[in-house]
Amino acid sequence: MSSFFRVLLVGVSLMLSGIAAQADDSDKIVLTVSGKVTNGEAVDFTLAELEALGIASITTSSPWEAEAVSFEGVSMVVLLQAVGATGDTAAILALNKYRTEVPVSDFIDHGVILASRKNGEPMPISDKGPLFVVYPFDDKPELNTEIYHARSAWQVRSIVIE
Ligand SMILES: Nc1nc2c(c(=O)[nH]1)N[C@H]1C(S)=C(S)[C@@H](COP(=O)(O)O)O[C@H]1N2
Ligand SMILES: [Mo]
């Protein structure tokens with residue numbers, strides 16, 4: 001191959017990889033955890049970084065899903081361990097500015113997850129994504145109260161450990 005075509009090929013493939021990088025969201029920060037975490041330094045996560053912590057799943061119906069569906073995401077206990085959280089309350093903030101305070105004991109007592117997928121698929125913002133705090137409502141019917149519904153924040157963007 002002539003050097004001209006080599007240069008052209010390299011140029012075209014660089015251009016295409018640039019387009020691919022723009023088209024996917026792999027660099028996008030989906031979650032920031034701050035407050036009482038290691039060294040007080042806020043920790044940012046892409047979706048892939050978050051899911052690399054390990055995936056747990058909860059299959060349940062909810063006030064938002066009449067039929068049981070599978071939610072998959074990182075266990076809140078694992079997430080808090082990963083950032084070195086030492087507080088006992090997690091203030092969870094959503095993209096729509098909704099804010100709710102959840103006792104860290106809930107995460108331990110109920111195996112709460114920060115779901116990033118529903119039935120294996122990432123959740124769009126229009127369907128409570130990209131991150132949704134999910135309690136095991138079907139396994140623990142006592143969680144079907146206003147208190148736990150209010151702690152079930154969707155469109156989660158950040159968490160402050162207090
Ligand atoms: N992002 C986000 N999550 C949220 C809310 C909200 O307004 N925004 N409302 C909370 C409250 S107070 C309750 S009771 C339930 C209400 O869900 P509903 O509005 O679908 O009935 O979701 C909780 N999660
Ligand atoms: Mo509510």
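Rules behind the numbers
Residues numbered from 1 in each chain as written. Chains lettered and ligands numbered in written order. Predicted model: local features only at pLDDT ≥ 70, side-chain atom pairs only at ≥ 80, totals over all residues. Heavy atoms only, no water. Salt bridge = Lys/Arg side-chain N within 4 Å of Asp/Glu carboxyl O. Helix = DSSP H or I, 4+ residues; strand = E, 2+ residues; numbered from the N terminus. Buried < 20%, exposed > 50% of the residue type's maximum accessible area, 1.4 Å probe, protein only. Near = heavy atom within 4 Å. Polar contact = N/O pair within 3.5 Å; in protein donor to acceptor, adjacent residues only side chain to side chain. Areas by Shrake-Rupley, 256 points an atom, 1.4 Å probe, with all protein chains shown as cover. Nonpolar A, V, L, I, M, F, W, Y, C, P; charged D, E, K, R; others polar.

Student: Help me understand the pattern of salt bridges in this model?
Tutor: All told, the structure shown has six salt bridges when counted by the stated rule. In this structure, the salt-bridge partner of Arg117 is Glu51, at a minimum N-O distance of 2.8 Å. Highlighted residues: Arg117 in strand 7 (residues 113-118) and Glu51 in helix 2 (residues 47-51), separated in sequence by 66 residues. Residue Glu51 is classed as buried on the basis of its relative accessible area of 15%. For Asp106, the salt bridge goes to Arg151, with nearest N and O atoms at 3.0 Å. Linking Asp106 in helix 4 (residues 104-110) with Arg151 in helix 5 (residues 146-151), this pair joins segments that are 45 residues apart in sequence. Each member of the pair, Asp106 as well as Arg151, carries the same accessibility label: buried. When salt bridges that share partners are traced, they join Glu65, Lys118 and Asp127 into one network.

Student: Honestly, the site of ligand 1 in this entry has me stumped. Any pointers?
Tutor: Looking at ligand 1, the residues that line it are Trp64, Ala94, Asn96, Tyr98, Glu146, His149, Ala150, Ser152, Ala153 and Trp154. Contact distances for ligand 1 include 2.8 Å between an oxygen atom and a side-chain N or O atom of Trp64. At a separation of 2.8 Å, a nitrogen atom of ligand 1 approaches a polar backbone atom of Trp154. The protein chains hide 65% of the 520 Å² of surface that ligand 1 would expose on its own. Examining the composition of the shell around ligand 1, we find that three residues originate from one element, helix 5, more than from any other. Within the shell around ligand 1, the residues separate by chemical class into six nonpolar, three polar and one charged.

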